[in-house]
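Here are the chains, one letter per residue:
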Amino acid sequence: MKKRILQRVLLGIITLWLVSVLIFIGTEMLPGDVATAILGQSATPETVAALRLQLGLDEPSMLRYLHWLAGIMHGDLGHSLANGRAISDELLPRLANTLFLAGYAAVIAIPLAVGLGIASAIWRGSVFDRLANTLTLISISVPEFFVGYILVIAFAIRLTWFPSLSMVDSSSSFIDRLYVCTLPMLTLTLVVLAHMLRMTRASVTAVMASPYIESAVLKGIPRWRIVVFHALPNALAPIINVVAFNLAYLVVGVILVEVVFVYPGIGQYMVDAVTKRDLPVVQACGLLFGGTYIFLNTTADLLAIWCNPRLRHAR
Amino acid sequence: MKDNNSPLTKLMQDAQLSRRGFITSASAVGITSALGFSPFSAFAAEPKKGGVLKLGMSGGNTSDTLDPTLFSDWVPLNQAYMLMNGLVEIDENNKATPELFSAWEAKPGAAEWVFTVRDGVTFHNGKKLDAGDILYSINLHRGDKSKSAIKSQLAPITGLTKQGDNQILITLDSGNADLPYLLADYHLVVVPDGFTDWSHPIGTGGYVFDQYEPGVRSLFKRNPNYWKPDRAFVDAVEVLVINDPTARTNAMISGQVHAINRVDFKTVDFLKRSPALNIVRSSGGQHFTFLMDCSVAPYNNNDVRMAIKHGIDRQKILDTVLRGYGSLGNDHPIPKTDRFFNHSLEQRVYDPDKSQFYLKKAGLADLKIELSSSDAAFAGALDAAALFQGQAQKGGIQVNIKRQPADSYWDDVWMKAPFSMGYWGGRPTADQMFSTAYQSTAKWNDTHWKDEKFDALLLQARSLLDEGKRAEIYGELQSIVRDNGGAMIPLFGDYLDAASKKVGGIKPHPMFNFMGGRLAERVWLEA
């Protein structure tokens, strides 16, 4: 089992390295460069050349990749090209904001989705089941910024219960943060709900068709007990997977939601950096996003191995 | 303002009347009170002190800096004017008026100028302003190492010296009667001599640095010792960066901010329905361009250019793309608000027959061209391109629209594609506009147009101090660009801001949104 786990972790690290290469190549391929983006329409060839030299953009890209990789190994994400500040200084508070919002949404969305999924499995085919499925399907079918705008119109403009901007800063209290983040949290919850709900329902339903459940039914055990105590443990692996996938989405996929609610998270930071061709920042954000995905996926795999003995041995 | 299209409002905006002027002319017809008409209810009220002014602004980025040599967008520009003062201010009638330079005088020929430094001004750190601070602040943008955006505009300055403690002598390589306007550029803000800490700028402005998170939020508090007695009324100004137009509009409607800049042309009519808001519509030099590269075929033939210029229905594009919030362009870049605007030039109109006439004159049966466009050029550029495509067809011009990616538009398309679209934010003087984009040696001559007569006249007008003579020459220059230049300029777009009715003292201004960037120190909050 240890070998399995080690293999999985090693695979994660290799994937992360591949991601770093892809990010670097990808950002190199972006048209335009930071010097012209910073100087904007007013750039003249001389000022661009002066700025490029100052920013070290004249080095070959292979060399710059190695410098970058070496920096990251030492925990140094480098400096923003556009304003010279250390990236980690700006990235960490924003990462904290993003994780706060993702955590807030996860705390609400995961129990809700799993609970609704189990309930749907218990009352399969009932009005409740169909309603839950249809509503979540609708919310996942429209783009998240649209969900966000609908919530803003309803709760910020008509009812004025919540602010339309989710501005937070270091002085905001925990309660303040919960309050101003409510609408983005709801948006994210609506967006991820359906996926987890359906997977939970499908997974539990599949297990419900197995012979040992049939024998439990024949023993006269109540249906909810069968679902929760007999079926759920065996249905966990795919549920963990889809939860991990959605958790990663809550961190990585919030860019549009952050733009709609003007939330100072990492997504907005990356969008700004892309428009300014601030490559080190784009690379740092990209690596962080990649790392989040890989970390959560690896964790999900490990959890699945842990809760399903059949996965512990290589076939 | 309930009805932005009423003739009175239009009159007021078109004529850029002062407050007193407006009230006089309105009461002269005796209808102000009869109709209960109050275009800006705040006009009658006296300034009040106190409150925190919250501004929701587009044009900010996490990479913003308060280093004046690197300003390139709206948020840093506005923040700079909160913390620091300029040398010269452009007022709401588009005139250069004193700010930290309290007076100036040109020697004959306009190549030598003496500027007086304002007395009795202190920086936030208590240092008294003197000529040395101003020399330092201007020199930040000059010299070989400068990466300032206005380096080339200051290049004609050959000498910059102190003459006594509070006088500065500026020498130019050739005469320029508009030097004070040139020095009104927003990059030229003043800091103490030797100052370099751009993360905490110290200036002489109405507000003092407090909190600053680039691209997100900033808070500046009132400077209790501000030297302008009639400015800076609120206790603090909070700037929230909201680049997304929908989020900005939502913040305005839900009352989270007192004012927003850059209201979307598409949603302005929707915003106007809200009774708690004023829409501030400023006519100025912002204009939208179709750029033909005069150095390549077929645009090197003026008949082709004329055919294209007659192939566009300006009114239709104004009505649809800008929803009427702008005015018709006449293929030259000088706005109606400019003192040298040529009123005698006939407005060019849509005339497909003339397009065909000019094509025939150029020896062409029809014309197939490719227009590079993107909404990066200006909001609605792609819509304008599509409308033009349909209109031009009637004149025998087949336009193929090449949609370009927005984020590299200014690097890869502008000044490179043979036929592309763009915009200019406007310049305070005709000379600056022409010498930035139309003089044959200009760095941003975006149509690669060269005309010897134009260059000679431009140079001649620049050094003249006789206003009548200058008006004559600039009038002729407008006519030359109109009938010969490579830019088709169908529209001027208004700068649109929205503000809560609680904001007093807000007015249109010909330079940019938010009263030329100085809104924060000019408005007050009604209780």
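These figures come from a predicted structure and were not determined experimentally.

Q: What exactly am I supposed to notice about the packing of helix α1 (residues 2-29) of chain A against helix α14 (residues 279-307) of chain A here?
A: Each pair of packed helices can be described by the angle between their axes along with the distance between the axes. All names here are of chain A. Following both chains from N to C, one finds α1 and α14 inclined at 155°, their axes separated by 9 Å at the closest point. Taken together, the axes of α1 and α14 are roughly antiparallel relative to one another. Like other packed secondary-structure pairs, α1 and α14 cross with a definite hand, here right-handed. Side by side, α1 and α14 meet where Ile-5, Arg-8, Val-9, Gly-12, Thr-15, Leu-16, Val-19, Ser-20, Ile-23, Phe-24, Thr-27 and Glu-28 of the first sit next to Leu-279, Val-282, Gln-283, Gly-286, Leu-287, Gly-290, Gly-291, Ile-294, Asn-297, Thr-298, Asp-301 and Leu-302 of the second. The residue inventory of the contact of α1 with α14, partitioned by class, reads 11 nonpolar, 10 polar and three charged.

Q: Just to check I follow, could you spell out the UniProt feature "domain: Solute-binding protein family" (unreviewed entry) in chain B for this structure?
A: In the numbering adopted here, UniProt assigns the feature "domain: Solute-binding protein family" (unreviewed entry) to residues 96-445 of chain B. Secondary structure across residues 96-445 of chain B divides into 23% helix and 24% strand, with the first and last C-alpha atoms of the span separated by 26 Å.

Q: Where do I start with a nonpolar patch on the surface in this structure?
A: Residue and element names in this part refer to chain A. Residues Val-9, Leu-10, Ile-13, Ile-14, Trp-17 and Leu-18 make up a contiguous nonpolar surface patch of roughly 580 Å² in combined accessible area. In this structure, Ile-13 sits in helix α1. Taking the relative accessible area as the measure of exposure, Ile-13 reaches 52% and is therefore exposed.

Q: Help me understand the packing of helix α10 (residues 211-218) of chain A against helix α11 (residues 223-252) of chain A in this model?
A: All names here are of chain A. Between α10 and α11, whose axes approach to 11 Å, the crossing angle comes to 170°. The angle between the axes of α10 and α11 places the two elements in the roughly antiparallel class. In contact with Tyr-212, Ile-213, Ala-216 and Val-217 of α10, α11 contributes Ile-226, His-230, Ala-231 and Asn-234.

Q: Before we go on, may I ask you to explain the sheet that holds strand β12 (residues 277-282) of chain B in this structure?
A: What holds strands together in a sheet is hydrogen bonding between their backbones, with the strands either parallel or antiparallel. All names here are of chain B. Judged by pairing direction, the sheet is mixed, and its seven strands sit side by side in the order β8-β9-β10-β1-β11-β19-β12 without closing on themselves. Taken across any chain shown, the strands that pair with only one partner, and hence form the sheet edges, are β8 (207-213) and β12. Sheet topology places strand β1 (residues 52-57) next to strand β10 (residues 236-241); six bridges connect them, and they run parallel. Bridged to Leu-55 within β10 is Val-239.

Q: Please explain the interface of chain A and chain B as it appears in this structure.
A: By convention, interface size is frequently given as the accessible area that disappears when the constituent parts associate. Between chain A and chain B, the residue contacts involve 37 residues of the former and 36 residues of the latter. Counting the surface lost from both chain A and chain B, the interface buries some 3,200 Å², and carbon and sulfur atoms represent 56% of this. Joining chain A to chain B, the criterion identifies zero salt bridges. Taken together, the links from chain A to chain B amount to six residue pairs in polar contact (both at pLDDT 80 or more). Per-class residue counts for the side of chain A that touches chain B are 18 nonpolar, 10 polar and nine charged.

Q: Would you mind going over helix α7 (residues 144-158) of chain A with me for this structure?
A: Residues lying three or four places apart along an α-helix face the same way, a consequence of the helix completing one turn every 3.6 residues. Taking 1.5 Å of rise per residue, the 15 residues of α7 of chain A would be expected to cover 21 Å, and the 20 Å separating its terminal C-alpha atoms lies within 8% of that figure. At Val-152 of chain A, α7 of chain A shows its largest bend, some 30°. Listing the buried residues of α7 of chain A in full gives Glu-144, Val-147, Gly-148, Tyr-149, Leu-151, Val-152 and Ala-156 of chain A. In this structure, the buried side of α7 of chain A is in contact with α6 (127-141), α9 (182-208), α11 and α12 (255-261) of chain A together with α7 (245-253) of chain B. Thr-160 of chain A, located one to two residues past α7 of chain A, shows a positive phi value of around 50°.

Q: Would you mind going over helix α16 (residues 467-484) of chain B with me for this structure?
A: Residue and element names in this part refer to chain B. The end-to-end C-alpha distance of α16 is 25 Å, a good match for the 26 Å that 18 residues give at a rise of 1.5 Å each. Of the residues making up α16, those classed as buried are Arg-470, Ile-473, Tyr-474, Gly-475, Leu-477, Gln-478, Ile-480, Val-481 and Arg-482. Turning to α16, the residues buried within the fold contact α9 (302-309), α14 (430-437) and α15 (452-462). The backbone nitrogen of Gly-468 lies 2.9 Å from a side-chain oxygen of the residue at the head of α16, namely Asp-466.

Q: I tried to follow the layout of surface pockets on my own but got confused; where do I start?
A: Over the atoms, a rolling probe the size of a water molecule traces out where space has been left empty. Residue and element names in this part refer to chain B. Of the volumes computed, that of the second largest pocket is approximately 550 Å³. As for the second largest pocket, its lining consists of 23 residues, and the residues nearest its centre are Ser-152, Gln-153, Pro-156, Ser-435 and Gln-439. Secondary structure elements with two or more residues in the lining of the second largest pocket: α5 (151-154), α6 (179-182) and α14. Ranked by the residues each element gives to the lining of the second largest pocket, the list is headed by α14, at four residues.

Q: Is there a simple way to explain the pattern of salt bridges in this structure?
A: Pairs can form between side chains of opposite charge whenever their charged atoms are close. All names here are of chain B. This structure, assessed with the given rule, holds 33 salt bridges over all chains. Measuring nitrogen to oxygen at the nearest pair gives 3.2 Å for the salt bridge that ties Lys-507 to Glu-92. With Lys-507 in the loop between β20 (503-504) and α17 (513-516) and Glu-92 in the loop between β2 (88-90) and β3 (96-98), this residue pair connects regions lying 415 residues apart in the sequence. Among the ionic pairs, Glu-521 bridges to Lys-228, the shortest N-O distance being 2.8 Å. In this pair, Glu-521 sits in the loop between α17 and β21 (524-525) while Lys-228 sits in the loop between β9 (217-222) and β10, placing the two residues 293 residues apart along the sequence. Each of the two residues, Glu-521 as well as Lys-228, counts as buried. Salt bridges linked by common partners bring Glu-89, Glu-99, Lys-228, Arg-231, Arg-518 and Glu-521 together as one network.

Q: Is there a simple way to explain the UniProt feature "transmembrane region" (unreviewed entry) in chain A in this structure?
A: The UniProt record marks residues 9-27, 99-123, 135-157, 177-197, 247-266 and 286-307 of chain A with the feature "transmembrane region" (unreviewed entry), using the residue numbering of this structure. Between the end C-alpha atoms of residues 135-157 of chain A there is a gap of 24 Å, over a span that is 91% helix and 0% strand.

Q: Help me understand the pairing of strand β7 (residues 167-172) of chain B, please; the structure alone is not making it clear to me.
A: Regular strands place side chains that alternate from one sheet face to the opposite one. Residues and elements named next belong to chain B. Pairing between strand β5 (residues 112-117) and β7: five bridges, direction antiparallel. Across the sheet, residue Thr-116 finds its bridge partner in β7, namely Gln-167. Bridging between strand β6 (residues 157-162) and β7 involves five bridges; their strand directions are antiparallel. Residue pairing for β7: Ile-157 is matched across the bridge by Leu-172. The hairpin formed by β6 and β7 contains four residues between the paired strands, and Gly-164 there has a positive phi angle of roughly 80°.

Q: Can you help me understand the side chain of Lys-309 of chain B in this one?
A: On the secondary structure map, Lys-309 of chain B appears in helix α9. Despite its burial, Lys-309 of chain B remains without a salt bridge, the nearest opposite charge being carried by Asp-331 of chain B at 5.0 Å.

Q: Would you take a moment to explain the sheet that holds strand β4 (residues 101-106) of chain B for this structure?
A: Residue and element names in this part refer to chain B. The strand order across the open sheet formed by four strands is β4-β5-β7-β6, and the pairing between neighbours is antiparallel. What marks the edges here is a single partner per strand, and that holds for β4 and β6. Taking each pair of neighbouring strands and ignoring which way they run, the sheet shows an average axis angle of 20°. Of the strands in this sheet, β4, β5, β6 and β7 touch helix α4 (residues 131-139), which is tilted by about 155° from β6.

Procedures and definitions
- Residues numbered from 1 in each chain as written.
- Chains lettered and ligands numbered in written order.
- Predicted model: local features only at pLDDT ≥ 70, side-chain atom pairs only at ≥ 80, totals over all residues.
- Heavy atoms only, no water.
- Axes fitted to C-alpha atoms, helices over the stretch in contact; angles between N-to-C directions.
- Helix = DSSP H or I, 4+ residues; strand = E, 2+ residues; numbered from the N terminus.
- Parallel < 35°, antiparallel > 145°, perpendicular 65-115°, else oblique.
- Left-handed = near helix turned anticlockwise from the far one by under 90°.
- Contact = heavy atoms within 4.5 Å.
- Nonpolar A, V, L, I, M, F, W, Y, C, P; charged D, E, K, R; others polar.
- UniProt positions renumbered as here; feature names shortened; annotations may be inferred.
- Patch = residues over 30% accessible without salt bridge, like charges linked within 9 Å, V, L, I, M, F, W, Y side chains within 5 Å.
- Areas by Shrake-Rupley, 256 points an atom, 1.4 Å probe, with all protein chains shown as cover.
- Salt bridge = Lys/Arg side-chain N within 4 Å of Asp/Glu carboxyl O.
- Buried < 20%, exposed > 50% of the residue type's maximum accessible area, 1.4 Å probe, protein only.
- Pairing = 2+ DSSP bridges.
- Buried area = accessible area lost by both parts, 1.4 Å probe.
- Polar contact = N/O pair within 3.5 Å; in protein donor to acceptor, adjacent residues only side chain to side chain.
- Expected span 1.5 Å × (residues − 1).
- Bend = angle between axes of the 7 residues up to and from the residue.
- 1 Å grid on protein atoms, 1.4 Å probe; cavity = no way out; pocket = protein on both sides within 12 Å on 5 of 7 lines; lining within 4 Å.
- Points joined across faces, edges and corners; volume = space filled by probe spheres on them.
- Lys, Arg positive; Asp, Glu negative; His and termini not counted.

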